[in-house]
Amino acid sequence: MSQYTPAEIEARWQQAWEKNETFKAVRDASKPKYYVLEMFPYPSGRIHMGHVRNYTMGDVIARYKIATGHNVLHPMGWDAFGMPAENAAMAIGGHPKDWTYGNIAEMKKQMKPLGLSIDWSREFATCDPEYYGQQQALFIDFLAEGLVYRKNAIVNWDPVDMTVLANEQVEAGRGWRSGALVERRELTQWFFKISEYSNELLEALDSLDNWPAKVKLMQANWIGKSRGLQFAFSTVEAPEGHDRIEVYTTRPDTLLGASFVGISPDHPLAKELEKDNPAVAAFCTECRKGGTTEEAIETAEKLGFDTGITVRHPFDTAHELPVYIANFILMDYGTGAIFGCPAHDERDFEFATKYELPIISTYLPSEESEEILAAAYVPAKTDKVFYNRGFAGEPWQTGNEAIDAAITFCEENGIGQGVTKFRLRDWGLSRQRYWGCPIPVVHCDDCGVVPEKKENLPIELPYDVDFDTPGNPLDRHPTWRDCPCPSCGKPATRETDTMDTFVDSSWYFVRFTAPDATTPTNMEDAEYWMNVDQYIGGVEHAILHLLYSRFFARAMEMTGHLPKSANEPFDALFTQGMVTHEIYYTRNQFRRQDTDEAGKEISVGTTLAVWHLPEDVVVGEVDGQRVGVLKNDFNTSLSFVENFDKVKDDPKKKVDIIPSAKMSKSKKNVVDPLGIIANYGADTARWFVLSDSPPERDVEWTASGAEAAFKHLNRVWNICDRISQMDKDAKGEGDEDLLRAMHKTIHDVTMGVESFGFNAAIAKLYAFTATLQKSKAGHAAQREAIMTLAQLMSPMTPHLAEDIWAHQGGEGLIVTAPWPKADEKMLVDDTVTMPIQINGKRRAEINVPADMAKEEVEKIALAHEAVIRTLDGATPKKVIVVPGRIVNVVA
RNA sequence: GCGGGCGUGAUGGAAUGGUAGACAUACCAGACUUAAAAUCUGUUGGGCCUUGUGCCCGUGUGGGUUCGAGUCCCACCGCCCGCACCA
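Treat the numbers as computed from the prediction; the structure is a model and nothing was measured. (Residues numbered from 1 in each chain as written. Chains lettered and ligands numbered in written order. Predicted model: local features only at pLDDT ≥ 70, side-chain atom pairs only at ≥ 80, totals over all residues. Heavy atoms only, no water.)

A. Examining the overall build of chain A more closely. Of the regular secondary structure elements, chain A holds 27 helices and 37 strands. Projected onto the principal axes, the alpha-carbon positions of chain A cover approximately 105 × 85 × 75 Å. If you take every contact in chain A between residues at least 6 apart in sequence, the share linking residues at least 24 apart comes to 70%. A total accessible area of about 40,800 Å² is found for chain A, and carbon and sulfur atoms account for 50% of it. Once the 93 positive and 131 negative side-chain charges of chain A are each reduced to a mean point, those two points are 4 Å apart. (Helix = DSSP H or I, 4+ residues; strand = E, 2+ residues; numbered from the N terminus. Contact = heavy atoms within 4.5 Å. Areas by Shrake-Rupley, 256 points an atom, 1.4 Å probe, with all protein chains shown as cover. Lys, Arg positive; Asp, Glu negative; His and termini not counted. Charge placed at Lys NZ, Arg CZ, Asp CG, Glu CD.)

B. Layout of the protein's contact with RNA strand B. Residues in contact with RNA strand B amount to 43 residues; listed here are only the nearest, T249, T250, K302, L330 and N888. For RNA strand B, the backbone portion of the atoms within 4 Å of the protein, that is sugar and phosphate, comes to 58%. In the environment of RNA strand B, a phosphate oxygen lies 3.3 Å from a nitrogen or oxygen atom belonging to the side chain of N759. A distance of 3.5 Å separates a base oxygen of RNA strand B from a polar atom in the side chain of E845. Put simply, the parts of the chain that give the surface near RNA strand B at least two residues each are α7 (213–223), β9 (244–249), α20 (703–724), α22 (758–774), β34 (831–838), β35 (841–849), β36 (878–882) and β37 (886–890). (Near = heavy atom within 4 Å. Polar contact = N/O pair within 3.5 Å; in protein donor to acceptor, adjacent residues only side chain to side chain.)

C. Focus on empty space enclosed by the protein. One pass over the structure, following the stated rule, counts 5 cavities of 30 Å³ or more. A volume near 50 Å³ is recorded for the second largest cavity. If you trace the second largest cavity, you find it lined by R63, A67, Q791, S794, I814, V815, A817 and W819. In terms of residue class, the lining of the second largest cavity is made up of 5 nonpolar, 2 polar and 1 charged. (1 Å grid on protein atoms, 1.4 Å probe; cavity = no way out; pocket = protein on both sides within 12 Å on 5 of 7 lines; lining within 4 Å. Points joined across faces, edges and corners; volume = space filled by probe spheres on them. Nonpolar A, V, L, I, M, F, W, Y, C, P; charged D, E, K, R; others polar.)

D. Local environment of unusual backbone geometry. The omega angle of the peptide bond from L457 to P458 is -5°, so this bond is cis rather than trans. The residue P458 is located in the loop between β20 (448–451) and β21 (482–484) in this model. The step from M530 to N531 runs through a cis peptide bond, and the omega angle for that step is 5°. By the element assignment, N531 lies in the loop between α15 (523–529) and β24 (534–538). The backbone phi angle of E21 is positive, close to 50°, even though this residue is not glycine. Phi is positive for E237, close to 60°, though the residue is something other than glycine.

E. Structural detail: the pairing of strand β31 (residues 625–630). Pairing of strand β30 (residues 617–622) with β31, which is carried by 6 bridges, proceeds in the antiparallel orientation. Of the residues in β31, the one forming a bridge with V622 is Q625. (Pairing = 2+ DSSP bridges.)

F. Quick look at the packing of aromatic side chains. Applying the stated criterion across every chain, the model contains 51 aromatic pairs. Between the aromatic rings of F139 and F192, the centroid separation amounts to 6.5 Å while the plane-to-plane angle is 65°, which identifies the pairing as edge-to-face. Placement of F139 in helix α5 (residues 129–144) and of F192 in strand β7 (residues 183–192) is noted, with a sequence separation of 53 residues between them. F192 matches F139 in its accessibility class, with the two residues each being buried. Judged by centre distance (4.7 Å) and plane angle (75°), the rings of F688 and W701 are edge-to-face. Of this pair, F688 sits in helix α19 (residues 682–690) while W701 sits in the loop between β33 (699–700) and α20; the two residues are 13 residues apart in sequence, bridging distant segments of the chain. For the residue pair F688 and W701, the accessibility class agrees, reading buried in each case. Cluster of aromatic residues (ring-pair linked, three or more members): F139, F142, W190, F192, Y197, W427, F502, Y548, F551 and F552. Over the ring of W17 we find R63; its NZ or CZ atom is 4.4 Å from the centre of that ring. (Phe/Tyr/Trp six-rings, centres within 6.5 Å; stacked < 30°, edge-to-face > 60°. Buried < 20%, exposed > 50% of the residue type's maximum accessible area, 1.4 Å probe, protein only. Lys NZ or Arg CZ within 6 Å of the ring centre and 35° of its normal.)

G. Representation of the pattern of salt bridges in the model. Summed over all chains, the structure comprises 32 salt bridges. A salt bridge links D253 to R251; the shortest N-O distance between them is 2.9 Å. As far as burial versus exposure is concerned, D253 and R251 are alike and both buried. Here R842 and E845 are joined by a salt bridge, their closest N and O atoms 3.5 Å apart. Given a relative accessible area of 48%, E845 falls into the partly exposed group. In the salt-bridge network here, residues are joined through shared partners; they are E200, R550, R554 and E568. (Salt bridge = Lys/Arg side-chain N within 4 Å of Asp/Glu carboxyl O.)

H. Geometry of the nonpolar core. Judged by nonpolar contacts, the single largest core of 165 residues is most densely connected at Y508, F552, W701 and I786. The biggest single contributor to this core is helix α2 (residues 49–67), with 10 residues. Not counting residues within four places of it along the chain, the set of residues in contact with W701 comprises M49, V579, T580, H581, M663, V671, I676, A685, F688, V689 and A706. Formed by 33 residues, the second largest nonpolar core is a distinct cluster that contains A270, L321, I407 and C410. (Core = buried A, V, L, I, M, F, W, Y, C linked by side-chain atoms within 4.5 Å.)

I. Region of the structure containing the sheet that holds strand β17 (residues 427–428). One open sheet accounts for 4 strands, arranged β4-β3-β7-β17; its pairing is antiparallel. Strands at the two margins of the open sheet, each flanked by one partner only, are β4 (163–165) and β17. Of the pairings in the sheet, the one linking β7 to β17 comprises 2 bridges and is antiparallel in character. Bridged to F192 within β17 is W427.

Structure follows, in structure tokens:
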């Protein structure tokens, strides 16, 4: 009798795979290829359970595809540029490069024991000069194609990180990383022309059948297509050069309801007026300062400044409208100017009420309706309404119909043009930071901005930099900045901005197809391996990373680095849920002045939560409530309730529990994968993160659940051990039943794996294990059953599976053994149990041959005692027989 | 505000329109043990009585379609997520 020893077998089988080069991906035209990829990690230095779940899911797919005869590419790398490395250098000293490569080595060491089917020969980090040098080559090609440009722009400046952020990286007015309030600054910046692809990126979403609808929708909203009318008001008594104000509207049908024109404080006209009117200047300055926090936006009052200028209504030049500078109008959307229609826009209504401007309805719910003046009337654009002030189309029409008619009318009458606008703006990629990919251009007094010559790539980051002063160390590097102009050879200076790290992750998946190529890609490899057949990652990347990557694929096609077929680089996308855990805390009341962990002062009487690691708490149930006791206070010779009684009145010792939340270091509700692997082995960790919850949902890590996974793997191993010790010629009972159950399990697990139903697949494996454990079948059948079970488990628990395979004398490695096929004949039982319903309620069951004729089944059903009793002499109106499923008698 | 998703036992969750609650946790009971742990076995949606091969109710609430609805349709309630002065 031997034992399940994960620590020993996991190391052994990992060595076997490595020696065999099982996961090395080599182009092979004779096999269908399959590229599976998990979003690569940032090398923080420690893996967490989220990583384990993410990579395990990818591994299940990869191993399943290997077993079904695919040539699988399953690579791994490191998203290694970015600010944490610089912050660490500033906080604790050292160099970002050393910190990053140290973390990579450490994390790789932690990942290896998971036994993932990764081709490590393709590994790279985005901070490798070999990688970012090719990225620089791409940049130069993009520049030549006009896909990158430089412009003066008002940018989001993060005062904490001392860098510029893309619009996408500002969340509710705060930097996505630092959380600092973002300021507006004008700087010369590099931009990718992603907006040129707005329509293309929007429309191509339709072709992504294997993407979650939610992600496609988020991207569509982000791109934000709108159709409207652009036209100009002519001004009265405006400064020179401002005789027209261009406006954009999505509701041209409400043009006759216009009661004012509003312009942004950043509008050229506002800036002109600002010059010699201090009141305007004061107002605009106030607006620009305007809070960008969520609360500020929500509570912000609509503020306007009457410029005294008026404009003529395009339909009636005698009708003049006042021009206001208003704080709620954004310069970077539309034209930075609007006309206000208070009757049909809540925001305009609020503004009009405040400044006593007319409220003029253009449409009403019915012909008899009074004009609505108490609130804006904003029905859905698909509702039919009555246009009391319509000028195009029918009196009764939907908003959409009216908009189309209004645009046509205005175009025909030379008032304006129909225009499609997008919310998506160009992607600002300049960052004033050290630890990123240098932008490969040179500034020359004579030649201007000149791209670096490709033979000079990579432009490597200098190692000798200091982080003692804030700002970009490249800017003050003594020699790195100075270089000859690539065009004329005269002394010039390098661009010191580096690229946004989202650039690094926008094409890494392509680089995996030829990581050592001396050009960004190798077309043969790209054509063979692209696209990524299955991409797996967190939903937090639904917009930025995926949108940028889709843009990059197109830009790389345009510059000859990718085939057109790779325009949508991810055929299928799966967004997995997080790993959560409940949170444990005690309370600490401060009796004297003290400081908390962050050094902040705590005043007397303050009660603070003290968080505890799961491993430091014993959890139990008292009066139906989950509570805990600190392990240090726990007396193991007493029951949980007795222990709890001793601490329940002491808030410093009684542990309260907050329901499951995302694992976070600050709340200490983390479980260290290394600890789990040390205690139970990687297979247990892998099995658990896949069981219990559907992969797209969050899974709660529980100690009992992990324990159960471990017990189950032991059970499977013990069954294997028992079967090995059976008499090889032993005959038994129920061979047929066991094999039937086996084939059903093959079928169900295969379906589960194919459809990301890992939790359901695991449930079937539990059930089949129980069947096998109880089976009295002969040796041959049991051996077949355990070997098949091992194969079905192998994507999830590959080490245990290999060990069972070897014990039973399986040929070669299980990882390369062909996936078992369910025998159709074995899936259909000879006899089936059919429930009999009377009026939809189950009343009886019958056992009948599976292929019995409907009429026969009906006869047996009607003859059933319970049916006769329930019918009580009544004649059934109708009998529905669904072969093999159910009988329903309608009385 | 706009857009999307989800509501099933004590808990996580199963159910191509066809026996609701698979599988797991937790709880309870039993076996083994001096005892505990481990292991194994069994019970567990609610209610009713006449304790049966029994009946009634039950997938957020109300309605509808259907022989049959957790599943499809409509309305409402609740929760979650994304976007948001976007003209």
